[in-house]
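Below are the chains, spelled out letter by letter.
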There are 2 protein chains.
Amino acid sequence: MTRHGIILLAHGSSDKRWCDTFEALAEPTIKAVDNSRIAYMELAEPSLDTVVHEGIANGTLEFTVVPLFLAAGRHLRKDVPAMIEALEKSTGASIRLCPPIGENPLLGQAIKDVVALQLGHNTGD
Amino acid sequence: MTRHGIILLAHGSSDKRWCDTFEALAEPTIKAVDNSRIAYMELAEPSLDTVVHEGIANGTLEFTVVPLFLAAGRHLRKDVPAMIEALEKSTGASIRLCPPIGENPLLGQAIKDVVALQLGHNTGD
């Protein structure tokens, strides 16, 4: 069976505090899902390129990229698909790009729960 | 008792599809929490300015702003606090800025659940 990797793709920033927040966001997934890692589109390491190449070196030939973005803008509509196409061509790996996490209704529910916590009461459901 | 308003603050985009995603993200909160609305920092309407002024016109003098951002960059560290300070001075309203939603551990759990759904299996907990 081909080994499968999960890549949680964040935008990236030169501000370490920004990356720290994304690493905390990724942590529950990385603990729960085998062969999952975070990667950054730009401005931080590890890059998508690094993570795909390291995965291939470890026998992973299929990747699922889950964008840690709330919505799809130019990056997810153009830049990331182009990066993935180039990586597939240069490496022979198969890389599936998922919709951004914010398009999943679970995120809207989590936001409601965060707001309720910040207001110090439960909104019920 | 002073009427209290919740503002879910998104960045904003000239791309209507981007805003549609944020409106879907905000919907569970808006349905569950009285006097809650979405506002955009820039590039889309309603702006933060508009939402605060309309709230005041309806008797709301205290606002809690919950940023629909996964992490704090320059916008949340500098631009938004400056916008809020100016609005407080010009209107007399009290506006509390919360941390971005991505700093709450609930978001990391939701991301794990989204990844599990996208992999078509449950990771357990």
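Remember, predicted model here, so these are calculated numbers, not experimental data.

Reading the values: rules and limits
- Residues numbered from 1 in each chain as written.
- Chains lettered and ligands numbered in written order.
- Predicted model: local features only at pLDDT ≥ 70, side-chain atom pairs only at ≥ 80, totals over all residues.
- Heavy atoms only, no water.
- pLDDT = per-residue confidence, 0-100.
- Least-squares fit on C-alpha atoms with pLDDT ≥ 70 in both.
- Core = buried A, V, L, I, M, F, W, Y, C linked by side-chain atoms within 4.5 Å.
- Buried < 20%, exposed > 50% of the residue type's maximum accessible area, 1.4 Å probe, protein only.
- Helix = DSSP H or I, 4+ residues; strand = E, 2+ residues; numbered from the N terminus.
- Contact = heavy atoms within 4.5 Å.
- Axes fitted to C-alpha atoms, helices over the stretch in contact; angles between N-to-C directions.
- Parallel < 35°, antiparallel > 145°, perpendicular 65-115°, else oblique.
- Left-handed = near helix turned anticlockwise from the far one by under 90°.
- Nonpolar A, V, L, I, M, F, W, Y, C, P; charged D, E, K, R; others polar.

What follows covers the confidence of the model for chain A. Considering every residue of chain A, the mean pLDDT works out to 94; 94% of them sit at 70 or more. If you check the scores for this complex, the pTM reads 0.93 and the ipTM reads 0.93.

The two copies are related by a screw operation: chain A maps onto chain B through 180° of rotation and 0.0 Å of translation along the axis, at an RMSD of 0.0 Å. In the structure described here, the two chain copies are related by an operation that fits a two-fold rotation axis. Measuring from the rotation axis to each C-alpha of chain A, the shortest distance belongs to A110 of chain A, at 3.2 Å.

What follows covers the nonpolar core. Counting 46 residues, the largest nonpolar core has F22 of chain A together with F22 of chain B as the members making the most contacts within it. For this core, the secondary-structure elements that each account for two or more residues are β1 (3–10), α1 (16–32), β2 (36–40) and α4 (105–119) of chain A together with β1 (3–10), α1 (16–32), β2 (36–40) and α4 (105–118) of chain B. Residues in contact with F22 of chain B, not counting those within four places in the same chain, are L70 and A71 of chain A together with A10, I38, Y40 and L68 of chain B.

Close contact between α4 of chain A and α4 of chain B brings their axes to 9 Å; oriented N to C, the two are set at 165°. One finds that α4 of chain A runs roughly antiparallel with respect to α4 of chain B. Handedness of the α4 of chain A/α4 of chain B crossing: right-handed. Two secondary-structure elements touch here, α4 of chain A through L106, L107, A110, D113, V114 and L117 of chain A and α4 of chain B through L106, L107, A110, D113, V114 and L117 of chain B. Here the residues of the contact of α4 of chain A with α4 of chain B sort into 10 nonpolar, no polar and two charged.

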